Each structure stands twice: as C-alpha cells, then as structure tokens.
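Residues per chain, in single letters:
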Amino acid sequence: MSRSRILLATSALTALALAACGPNDPVEELEDGGIHLPGGAEDGGDQEDPAATQKELLGSISDAFDSASREFDIPAEILKSIAYAETRWEMVIGEQEFEGQQPAFGVMGLREQQVARAAELAGVTEVEAKFVGAANIRAAAALLDELAEGRTFDRKSIGAWAPVVAAYSGIEDLEGQANYVHTEVYEAVRNGIEIQTLDGVMAAMSGVDIQPDFQAPTPPPQTAQGPDYSKAIWRPSPNYSARPSGTAGKVTLVIIHTCEGAYSGCWSWLNNTQSGASAHYVVNSTGSEISQLVRESHKAWHIAATYKCSLNGGKYCSRDGSSSNNFTVGIEHAGYGSQKTWDNGLLDASAKLTCDITKDHGITRDKYHIVGHGQLQPYNRTDPGPNWPWTNYIQRVNNACGAAPPPEPQPQPQPQPNPDPNQSTIIIDSNNNSNNQSVAKIEVSGNWTSSSATPGYFNTGYWHANTAAVSDGATFSFYMPNDATKTIDAWWVAGSNRAASAPFVIFNAAGTKLGTVNVDQRSNGSKWVQLGSWNFTKGWNKVVLSRWTAEGSVVIADAVRVR
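Residues numbered from 1 in each chain as written. Predicted model: local features only at pLDDT ≥ 70, side-chain atom pairs only at ≥ 80, totals over all residues. Heavy atoms only, no water.

**Q** What's the story with the state of the cysteines in this structure? I'm lost.
**A** Should the sulfur atoms of two cysteines be covalently bonded, the bond is a disulfide. In total, this model carries three disulfides according to the counting rule given. What pairs with Cys309 in a disulfide is Cys317, and their sulfur atoms sit 2.1 Å apart. Measuring handedness by torsion sign, the sulfur bridge of Cys309 and Cys317 sits at about 90° and is right-handed. Exposure remark for Cys317: the relative accessible area of 31% places this residue in the partly exposed category. (Disulfide = S-S within 2.5 Å. Buried < 20%, exposed > 50% of the residue type's maximum accessible area, 1.4 Å probe, protein only.)

Spelled out as structure tokens, the structure:
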C-alpha cells in the first residue's frame, strides 16, 4: 500500500520541540521573553545527534495526537490525517494570502477565526493554541469535539467523522468539501502516513481501508481538462477580467504563490465570487492534481501590487505603475510560505506546468521571469517563502522543457524607484531584507539584539533592548509620495518581562512630533494593534519605539504597519 511521505528538515526541530512540550511541561521565558525548553543543552543536557532527536520529537508529537484522541474521544487517525492534509505535520505560521481567508496556525492549521474558541474550549491561551504544538493539537481536538455535539453517530467510527471534518475545514463550497474529505483527509487515512527522517523512514500511522460517510466528489468529465494545460482539471472561476490589448497585456512573467492552506480550500475559495480573487492554476501538495481556474488569455486576480521594475532586476521598467496582473500568470501551491520543505511531486508538477506556460508565451526561463509573489508585493506578502528551492525549481523547469538553463543575466543598473502613490498598505519589518527599502526600512543601534526565541513574531524575528533613560530607539521609517492621513499599527511578541508602557513616538517627514502612544507589551502580542491615525507629510516619516521608560524590562521592535 502506498503511503504519504514528508521530509522533516533539521531546521524544523525547533517547531517540533515546541510541539513536544506537553501542557504540564515547564516553559520558561529567556531574558528577551523567549521560550526555554526543558532538558536542552543550556540545562547541561547531553548533545544528541540530529537523527535521534528527530525520532524522539516525532514520537512526542505522535503522543500529543494520541493524548488528544483519548481526552476528546476522537479517533487518532482523524487528528493525524487532518494535520497531514493541512500542514504535512509542520508547525506553520500562516499569512493572509486572500482577502476573506484568515491565516492558519500550527500543526492543525487552525484558522485565525477558530483560535479564540478552540483555545477557550481547550483551556489554553490563544498564543499557545497558535504556536505550541501540543496546545494546538488539543485546541483543534476540542473544536472538533464541539462540532460533533448534537450529531448522532458512532464516535469510534473513523468514517462517521467525515461531516465533522468537513465542518472543521471552513470550506463553504460543497464540491470543495467533498474533495477535502475524500481526496485529502481520508486519502491519508487510507494510505497511511510516513515521516522521512535523516536516517530513514519512521511510520507515523498505518493505513486503514475506510470510506468517509460523506458525498463523494463529482468525477470530472473527460471534457473538463484545462483549456491551456491538458493535465489540469478545468474548474472555471468567475473572478477574472480582460487583459489590456497589445504589449501591455502580453504574458511575460510567471508568479509563484502559496495558498496558505490546503488544496481544496484554496481552489474552492478562488471560485467563490465573494473572494474577489483568483489564480490561473492551483497545484495540490503532492503534485498529483492541478486545477485551472482562469484561461491564460484572461487576467486572473492573483496579485494586488502594481509593478515596480526595481523589485525585479530592472526588467520591464516601461510597465512600472501598471497592475502586475495585466501581464502575468499566477500559480498557487497548496502549503505555506513558512513551511520548511516542499514535496518533490509538487515541485515536479509545478515545474512542468511552468515549462508549458513559458513555451506557449515565449517567456525566458530565469529568475527575472519566474518570480515569487512576495518579491513583487514585499510590503505585505512573503510567499512562497524562504525555503522555496528557487535554483532547483528553475532547473526543473528547464529540464522539463529539455533546455539548458540560460546563462546568468548580468545585473542592470536600477532606476531610482518611485513609490506607488496608490499603495494602500506599507509594512516595515524588523528584517530589512523583507522590506521594500524604497518605501520602508528599520534602523537600530548595536545596543539592540536580534532574536526569534519567542514564537508569534511577524515574519523572521524581532529586535529587543533593555529599557533605559537613553535616546536609542528602533526607528521604523516609511516614505509618503504625498501628504496623507494614515493609521499606524504595531506588532510585538508579548512576555512577562516586557515593558508595561513601551513608547511609540510618531514623527512626520519634517521631524515634527505628532504624538506618543504607550502600549503594554506584556499582552496583546502576536497581532496588529492600532496605535492611532495622524496626518503625515511627503517624504520619510518615522515611528520610533523608544527605550525611555521604566527600567527593568525590555521593549520589542517587531513590525509596524501603515494603512
């Protein structure tokens, strides 16, 4: 019997270590408020080889599934298979890829709108439900238990849980629900799950020949193959428009996206008129199925950014200021920008699809023509994330096309970028590599320390510094092309040692102080918190997180949003 497979990289050990922490294990905060795991090397414990550590941690996460199964009277196969369908057993920190679809968190892919209720039912905090594996599994199990209330069925029957699984998915479309239940969750139940570690394969769940008590998906007719790619299933979306005529609408780039969720939820949401979004294609997590939603000759609504050639090696500068949707084909991939590994089947299937697109439209196959969503929309998107294997992927595209990769293009002089006056949102991250530095940047002195110890940070980490009566703030700067009234939000990771009155000081481009907002960073962490609205002026405006507050605590500079 075939089994589902996933490779857990060494870089995922920290996330799995969090998953291994039980609800009663001591979790201490470090100096910057970060989580300290018991039994680590800093406790004087022996260093272990990575393969042995992986096996121990995978056993612990499997134990967390089994424990939640017993506590909430839910078959472990259901919990494990939902987790596999949602995240491939990775601790993910999702982002909002589409308006109206909230980000997902943890092994179980709990959506933002589910977290508060799930945490309450499980008796854990919302931060724990999002970022600590055992708590995330318990919270999801508690939510499934509540969804099962009022339904008459045998709780020991794996197949009878199918309607509850469909309700948990949050998918509104009945065909999408049927595909999620049959071809994602219960396919893992039937095939079993294996985890591939550094030194081989450790079985995580044996397959069970069970059929779900749920309407089967409608088999696609032979005529339902994609109009542009015959290996795709044609699932037409109403969310598209005409491309501009002439060269302005000529397909020139392929944009790689991540769904920030599972496959069926992705394509079914993009087929919903309420989503106001679409993509040309969606690839499932193993590459075994691809959906085409919009004809390549039409404009799909997959990227909200106007084009800036400064973000793409100075290519096609004549298109600056026009919608990137006008001349691109968008491919969504089941998964998350924060995940550590990508399935070989997904990469191969996507590469063959991209090859076909580039052949049809005469597109050069290189890093300037096959690009990531986050590259062209860096102020609020990061997908497909730092672990998308770009060099390997473009090599796969060229191999699929039977062509050697082109020589590396020489860098071209980049014109000074002109910030888009219509750009509605700017995010200034603590990591300048994630910022479009023509409009957003952060500056800190050597007295600030970079960290990612506490989960719940925005993007890649944060800066922290001890409070003191000194003028040594973290400066978040953003460029305004015109005078405008904007709302400022801040993101931080909360902790018991945080400042109770962390001062955010607001300045316009002339250096005039517009106001100071003091926030309690001991709470309200891991989400956007509104500071207020001010009238900003053309040029570089600033939000400064000051250290000048009561001593004995730390302030956290993570991210600022301008909207």
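**Q** Could you clarify how one ought to interpret the pattern of salt bridges in this entry?
**A** Counting across every chain of the model gives 15 salt bridges. Note that Glu120 and Arg117 form a salt bridge whose closest N and O atoms lie 3.2 Å from each other. Pair noted here: Glu120 and Arg117 are both in helix H4 (residues 112–122), with a separation of three residues, about one helical turn. One network of salt bridges, in which partners are shared, links Asp73, Asp145, Arg155 and Lys156. (Salt bridge = Lys/Arg side-chain N within 4 Å of Asp/Glu carboxyl O. Helix = DSSP H or I, 4+ residues; strand = E, 2+ residues; numbered from the N terminus.)

**Q** For this particular structure, what's the right way to read the sheet that holds strand E15 (residues 370–372)?
**A** In sheet architecture, strand pairing relies on hydrogen bonds along the backbone and comes in two forms, parallel and antiparallel. Spatially, E8-E12-E11-E14-E10-E15 is the arrangement adopted by the six strands of the open sheet, whose pairing is mixed. Each of the sheet's edge strands pairs with one partner strand only, and the pair in question is strand E8 (233–234) and E15. Note: E8 against strand E12 (residues 290–292), two bridges, orientation parallel. Bridge pairing in E12 places Ile233 opposite Ser291. Along the sheet, helix H9 (residues 263–270) makes contact with strand E11 (281–283), E12 and strand E14 (328–333), crossing E11 at roughly 170°. (Pairing = 2+ DSSP bridges. Contact = heavy atoms within 4.5 Å. Axes fitted to C-alpha atoms, helices over the stretch in contact; angles between N-to-C directions.)

**Q** So what exactly am I meant to see when it comes to the nonpolar core here?
**A** Proteins that are soluble and globular tend to have nonpolar side chains buried together. Membership of the largest hydrophobic core comes to 54 residues, with the highest contact counts inside it found for Phe65, Ile82, Met108, Tyr168 and Tyr186. Of all the secondary structure elements, the ones that give two or more residues to this core are helix H2 (50–72), helix H3 (76–87), H4, helix H5 (126–131), helix H6 (133–148), helix H7 (162–169), helix H8 (174–191) and strand E7 (200–205). By residue number, the principal contributor to this core is H6, which donates 10 residues. In contact with Tyr168, not counting residues within four places along its chain, are Ile82, Met108, Gly109, Leu110, Gln114, Ala140, Leu143, Leu144, Leu147 and Tyr180. (Core = buried A, V, L, I, M, F, W, Y, C linked by side-chain atoms within 4.5 Å.)

**Q** I would appreciate a short explanation of the packing of H7 against H8 in the present structure.
**A** Two quantities define a packed helix pair, namely the angle between the axes and the distance from one axis to the other. Closest axis-to-axis distance for the H7/H8 pair is 9 Å, and the angle between their directions is 110°. Relative to H8, the element H7 is oriented roughly perpendicular. Each of Ala162, Val165, Ala166, Tyr168 and Ser169 in H7 lies in contact with H8, whose residues at this interface are Gln177, Tyr180, Val181, Val185 and Tyr186. Grouping the constituent residues of the contact of H7 with H8 by class yields eight nonpolar, two polar and no charged. (Parallel < 35°, antiparallel > 145°, perpendicular 65-115°, else oblique. Nonpolar A, V, L, I, M, F, W, Y, C, P; charged D, E, K, R; others polar.)

**Q** Looking at this structure, how should I read the sheet that holds strand E19 (residues 462–466)?
**A** On the basis of which strands lie adjacent, the open sheet formed by three strands has the order E18-E19-E26 and antiparallel pairing. Of all the strands in the sheet, the pair left with one neighbour each is strand E18 (449–451) and strand E26 (554–557). Taking each pair of neighbouring strands and ignoring which way they run, the sheet shows an average axis angle of 35°. Both E19 and E26 contribute to a ladder of four bridges, which runs antiparallel. Opposite Asn466, over in E26, you have Val554 as the bridge partner.

**Q** Which parts of the structure should I look at to understand the side chain of Asn435?
**A** Along the chain, Asn435 falls in the loop between strand E16 (426–429) and strand E17 (440–443). Looking at Asn435, the relative accessible area reads 9%, which means it is buried. Within the structure, Asn435 has its side chain in polar contact with the backbone nitrogen of Asp429 (distance 2.7 Å). Here the side chain of Asn435 touches Asn432 through a polar contact of 3.0 Å, side chain to side chain. The contact partners of Asn435, leaving out residues within four places of it in the chain, are Ile427, Ile428, Asp429, Ala440, Lys441 and Ile442. (Polar contact = N/O pair within 3.5 Å; in protein donor to acceptor, adjacent residues only side chain to side chain.)

**Q** What exactly am I supposed to notice about H8 here?
**A** Because the α-helix completes a turn every 3.6 residues, residues three or four places apart line up on one side. The first and last C-alpha atoms of H8 sit 24 Å apart over 18 residues, in line with the 26 Å expected at 1.5 Å per residue. Among the 18 residues in H8, 14 count as buried, and that is most of the element. Backbone nitrogen of Glu175 and a side-chain oxygen of the N-cap are separated by 3.2 Å at the start of H8; the cap is Asp173. Just downstream of H8, Gly192 is the residue with a positive phi angle, here 80°. (Expected span 1.5 Å × (residues − 1).)

**Q** I'm lost on the environment of Thr487 in this one. Help?
**A** By secondary structure assignment, the location of Thr487 is in strand E21 (residues 484–491). For Thr487, a relative accessible area of 14% translates into the label buried. If sequence neighbours within four positions are ignored, Thr487 has contacts with Gln530, Gly532, Ser533, Arg561, Val562 and Arg563. A polar atom in the side chain of Thr487 sits 2.6 Å from the side chain of Ser533.

**Q** For this particular structure, what's the right way to read the packing of aromatic side chains?
**A** Two numbers describe a pair of aromatic rings. These are the distance of the centres and the angle of the planes. For the structure shown, the criterion picks out 16 aromatic pairs. Ring plane angle 85° and centroid distance 5.1 Å describe the contact between Phe153 and Trp161, whose orientation is recorded as edge-to-face. Their ring planes at 65° and their centres at 5.6 Å tell us that Tyr479 and Trp540 sit as a pair that is edge-to-face. Of this pair, Tyr479 sits in strand E20 (residues 474–480) while Trp540 sits in strand E25 (residues 539–545); the two residues are 61 residues apart in sequence, bridging distant segments of the chain. Ring pairs connect the aromatic residues Trp342, Trp388, Trp390 and Tyr393, which therefore count as one cluster. (Phe/Tyr/Trp six-rings, centres within 6.5 Å; stacked < 30°, edge-to-face > 60°.)

**Q** Would you mind showing me how to read the pairing of E14 here?
**A** A regular strand places its side chains on the two faces of the sheet in alternate fashion. Burial analysis of E14 places six of its six residues in the buried class, which makes it a mostly covered element. Burial of E14 is two-sided: the residues Thr328, Gly330 and Glu332 facing one way and the residues Val329, Ile331 and His333 facing the other way are all buried. Sheet topology places strand E10 (residues 253–258) next to E14; six bridges connect them, and they run parallel. Bridge pairing in E14 links Ile255 to Gly330. Pairing of E11 with E14, which is carried by three bridges, proceeds in the parallel orientation. Residue pairing in the sheet places Tyr281 in a bridge with Ile331 of E14.

**Q** Could you clarify how one ought to interpret helix H12 (residues 390–400) in this entry?
**A** Listing the buried residues of H12 in full gives Tyr393, Ile394, Arg396, Val397 and Asn398. Where H12 is buried, its residues touch E10, helix H10 (344–361) and E15. In the segment just after H12, Gly402 is the residue with positive phi, at about 65°.

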